[in-house]
Amino acid sequence: MSSNNIEYMVICDNLVKIYKAADIEVVALQGLDLTVEKGELMAIIGNSGSGKSTLLNILGGLDRPSAGKVFVNGQDLLKLTDKQLVKYKRETVGFVWQNNARNLIPYLTALENVELPMFFTGSAKRQRALELLDMVGLSHRKNNKLEQLSGGEQQRVAIAIALANNPSLLLADEPTGAVDTRTASHILDVFREINEALGVTIIIVTHDRQIASKVDRVVAIRDGRTSSEFVRKKSYAEELAEISNDIGTVGGDTHVELAVIDRAGRLQIPREYVEALGLGEQNRVLVEMDGDRIVLRSPDTTLQSEQRTAGSDAV
């Protein structure tokens, strides 16, 4: 893949990350491939240890991969010097953490918290900070400090802070993990409104599969690789229009799941499918073409069927 693909905000090609401690090696990413279009609002889901947070740290410039390629907005992150990486983190990417203690300084007001990142780039503008607080629905709380804000309000201030320096890419690590379902839905609505208003590319990492209804695409990561994608069948605007006209239904089947095939032709089969095939401890499966379909069969089941057929013919 090339960084010249300007329609992409993120390009990850065969990304590998290995953590070493003493004589132990942990492979967090095992040849992950991912592309994210400019202006896209998407989510990455996966169980604990799947590699999703490692990927986010690499995209945020907080960690470097062990191998592979990663481009963000045309910049090759592996070739950035330490000085260039600091500039990248200040100007290209914004970060929203699950833990509000990493987002907010408690003795500053909401307005002062949003202004703070601007001072480091020499572009502090109170009017800009006020506009961002208004965008997340908190202009009326601008003079409140951390202890005076609810968990959901703190997270919305954190989103405004992440947008302070006009990043091209906004990363959110479990942004709804510490709030209730209703507040989580509100926070996700804020992300969508920002995406539509500013055109900023947003990647949300979460373990919550219910996020699919709020974004256009969901990429599932399993064992350090992209395993499947959930793609919206209709645009978000079309769904809202159908609901308002009493055509569609809220909470319906809005996405279709697609398996991801890497450049070597490999794909990950969901564990429940493997169990349904009765593969057990086997590491082999029979692959057949059936018209326009690819069929996977247990070799034992197929062999038993052929033996029965042969026995019938002999009789």
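So, a few notes on the structure that sits alongside this text. Residue numbers run consecutively from 1 along every chain, following the written order of its sequence. Local features in this predicted model are restricted to residues whose pLDDT is 70 or higher, and side-chain atom pairs enter the listing and the counts only when it is 80 or higher, whereas totals over whole chains, interfaces and linings include all residues. To get the side-chain values, take all heavy atoms of the structure and skip hydrogens and water.

## Observations concerning the pattern of salt bridges
Test applied: What makes a salt bridge here is a side-chain nitrogen of Lys or Arg within 4 Å of a carboxyl oxygen of Asp or Glu, nothing more. For the purposes of this entry, the term helix denotes a DSSP run of H or I that reaches at least four residues, the term strand denotes a run of E that reaches at least two, and both are numbered from the N terminus. Buried means the residue's accessible area, taken with a 1.4 Å probe over protein chains only, is under 20% of the maximum for its type, while exposed means over 50%, and partly exposed covers the values in between.
As enumerated under the stated definition, the model contains eleven salt bridges in all. Across the salt bridge formed by D82 and R64, the nearest N and O atoms sit 3.6 Å from each other. Placement of D82 in helix 2 (residues 82–91) and of R64 in the loop between helix 1 (52–59) and strand 4 (67–72) is noted, with a sequence separation of 18 residues between them. According to the relative accessible area criterion, D82 is exposed, its value standing at 62%. Here D189 makes a salt bridge to K214, at a shortest N to O gap of 2.8 Å. With D189 in helix 6 (residues 181–198) and K214 in the loop between strand 8 (201–206) and strand 9 (217–222), this pair connects stretches of sequence that are 25 residues apart. K214 gets classed as buried once you look at its relative accessible area, which sits at 16%.

## Let's talk about a nonpolar patch on the surface
Note the cut-off: The patch calculation keeps residues exceeding 30% relative accessible area without a salt bridge and links them within 9 Å when they carry like charges or within 5 Å when they are nonpolar (Val, Leu, Ile, Met, Phe, Trp, Tyr). Here the open area of atoms and residues is found with the Shrake-Rupley method and a 1.4 Å probe, where only the protein chains shown may cover a residue.
Taken together, the side chains of V285, V287, M289, I294 and L296 present a nonpolar region at the surface, about 470 Å² in accessible area. Sorting the residues of the nonpolar patch by element identifies strand 12 (286–290) and strand 13 (293–297) as the ones contributing at least two each. Here V287 is to be found in strand 12. Of the residues examined, V287 reaches a relative accessible area of 51% and is grouped as exposed.

## Quick notes on the environment of L80
Operational definition: Contact between two residues is taken to exist if any of their heavy atoms lie within 4.5 Å; hydrogens are not considered.
Position of L80 relative to the elements: it lies in the loop between strand 5 (75–76) and helix 2. You can call L80 buried: its relative accessible area is 12%. The spacing of L80 and G61 is 19 residues in sequence and 9.6 Å in space, taken between C-alpha atoms. The residues contacting L80, other than those within four sequence positions of it, are R64, Q75, L85 and Y88.

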